[in-house]
Amino acid sequence: MSSTVSSTPVPPHGQPSLHAVQVLGGGSSGSGVHVRSLSAGLVARGLRVTVCGPWSAERGYGFTQAGARFTGLDALTDAGSVASLRTAVCGAALVHAHGLRPGLLAAVALRGRKVPLVVTWHTRVDIEGARAGLVRLMERRVARTAAIVLGASSDLVDRARARGARDARLAPVAVPAPRRAPESGDGRRQKARAELGVMGRPLLVTAGRLEAVAGHGPLLDAARRWRGLDPRPLLVVAGEGPDRAVLQGRIDTEGLPVRLLGRHDDVPGLLAAADVAVLSSRWEARSLLAQEALHAGVPLVATAVGGVPELVGDAAELVPYGDPEALAGAVAGLLSDPARRVELAAAGRARTACWPTEDDTVAHVLSIYDELVQTFIRERVDGPGR
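Residues numbered from 1 in each chain as written. Predicted model: local features only at pLDDT ≥ 70, side-chain atom pairs only at ≥ 80, totals over all residues. Heavy atoms only, no water.

### Looking at the overall build of the protein
Phase 1: Counting its secondary structure elements, the protein contains 15 helices and 13 strands.
Phase 2: Seen along its three principal axes, the alpha-carbon backbone of the protein occupies a region of about 75 × 50 × 35 Å.
Phase 3: Residues counted as buried form 48% of the 386 residues belonging to the protein.
Phase 4: At a minimum sequence separation of 6, the contacts of the protein that also span at least 24 residues come to 65%.
Phase 5: Carbon and sulfur atoms make up 52% of the accessible area of the protein, which amounts to about 17600 Å² in all.
Phase 6: In the protein, 46 positive and 38 negative side-chain charges are present, and the distance between their average locations comes to 7 Å. (Helix = DSSP H or I, 4+ residues; strand = E, 2+ residues; numbered from the N terminus. Buried < 20%, exposed > 50% of the residue type's maximum accessible area, 1.4 Å probe, protein only. Contact = heavy atoms within 4.5 Å. Areas by Shrake-Rupley, 256 points an atom, 1.4 Å probe, with all protein chains shown as cover. Lys, Arg positive; Asp, Glu negative; His and termini not counted. Charge placed at Lys NZ, Arg CZ, Asp CG, Glu CD.)

### Comments concerning helix α5 (residues 130-145)
Phase 1: If you check α5, its first and last C-alpha atoms are 24 Å apart, about what 16 residues at 1.5 Å a residue would give, namely 22 Å.
Phase 2: Among the residues of α5, those classed as buried are Ala 132, Val 135, Met 138, Glu 139, Val 142 and Ala 143. The arc enclosing the buried residues of α5, seen along the axis, measures out at 125 degrees, which places them on a common side. Structural note: α5 exposes Ala 130, Leu 137 and Arg 144 on the side pointing more than 90 degrees away from its buried face.
Phase 3: Each element contacted by the buried residues of α5 is listed here: α4 (100-109), β5 (117-121), β6 (148-151) and α6 (154-162). (Expected span 1.5 Å × (residues − 1). Arc of directions from axis to C-beta.)

### Examining the sheet that holds strand β3 (residues 69-72)
Phase 1: Ordered by their spatial adjacency, 7 strands build an open sheet running β3-β2-β1-β4-β5-β6-β7, and the pairing between neighbours is parallel. Taken across any chain shown, the strands that pair with only one partner, and hence form the sheet edges, are β3 and β7 (168-170). Across the sheet, the axes of successive neighbouring strands diverge by a mean angle of 20 degrees, strand direction being ignored.
Phase 2: Relative to strand β4 (residues 94-98), strand β1 (residues 19-24) is paired through 5 bridges, and the arrangement is parallel. What sits directly across from Val 21, in β4, is Val 95.
Phase 3: Against the sheet, helix α3 (residues 78-88) makes contact with β1, β2 (48-53) and β3, and its axis sits at roughly 165 degrees relative to β1, the strand it touches most. (Pairing = 2+ DSSP bridges. Axes fitted to C-alpha atoms, helices over the stretch in contact; angles between N-to-C directions.)

### Observations concerning the UniProt feature "domain: Glycosyl transferase family" (unreviewed entry) in the protein
Phase 1: Annotation from UniProt places "domain: Glycosyl transferase family" (unreviewed entry) at residues 190-350.
Phase 2: Each end of residues 190-350 is marked by a C-alpha atom, and these two atoms are 26 Å apart; helix forms 47% of the span and strand 16%. (UniProt positions renumbered as here; feature names shortened; annotations may be inferred.)

### So, the pairing of β2
Phase 1: Counting buried positions along β2 gives 5 out of 6 residues, so the element sits mostly inside the fold.
Phase 2: When β1 meets β2, the two strands line up parallel, connected through 5 bridges. If you follow His 19 over to β2, its bridge partner there is Arg 48.
Phase 3: Handedness of the crossover joining β2 and β3 through helix α2 (residues 55-61) is recorded here as right-handed. (Right-handed = clockwise from strand over helix to strand, strands pointing away.)

Structure follows, in structure tokens:
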């Protein structure tokens, strides 16, 4: 964690500290890491923080270890979760929800209460068919209820405005930089490669849930083209999800040089052993894999979707989504060009130096909290619109 603190003052002795409630769903790894980082930064600056979400999130990210209180929202029904949330937000100065469903739960829980709601959209929900209309209604309800909607990428800000948000802003969302490998990093790399069985062949790494939006179908199509390379690269996929059986069936039937690792708690360790990282998603805001790859100085091939181009700039090879030929060609080109890999590794590390730090993110969020709380106090004293 960053040890730098912002200039935001801690309340004077004897005055109650501001109480901010963070609401999290099952969530992507990116939003969970962000809320953990944000909670630690807010607590360090004198705020009282309560995180509300599933107990699996507390076990995975350790919000209480960051100094926050935790309230589980594991009720069997949404009504039960709303009831737990209504109790947790009593006395809160504001509520900050992360994601669509948490935003909707918070909007319902705050009905009739004059407590400002901030919602961060870290990602978007891609559903087709009859349920797509329901998602649009949920987005509209959340966008119009929130005092401020924060988007992790420009297209999410545009989406919130299109759904009727009164105030939608682009917000920095930083995640902790992975710890640098020790001086014996080359030994660590070789050990990791040996464990994966990739001595003498290139290693490609990707990570994320095994679901349609991650673009694993086109990725396996690209892997079919890599079978003709010598030496043949191995693609390892870290993550679990509903498409695992289908993907494994293709790998076995087509003899693809791909290994599904399942849930993996050390993606930075995999990246330390990788020759190239691959992001094949249909859409991303601020991809956690892309951030980790650039921090680690690993050349990245990624689809030019969502917020990826504005995140990586010219520090990655970008290809269209759903074009296996372009994806396979970009990876093969990097594997055959060591100088280009070195160039991209350096560009990636330079790019990360321009990203917002954890302290930047906390300071930005604090400024929004202060703005909302002061506005609420003025309206309570003077009345709305004065």
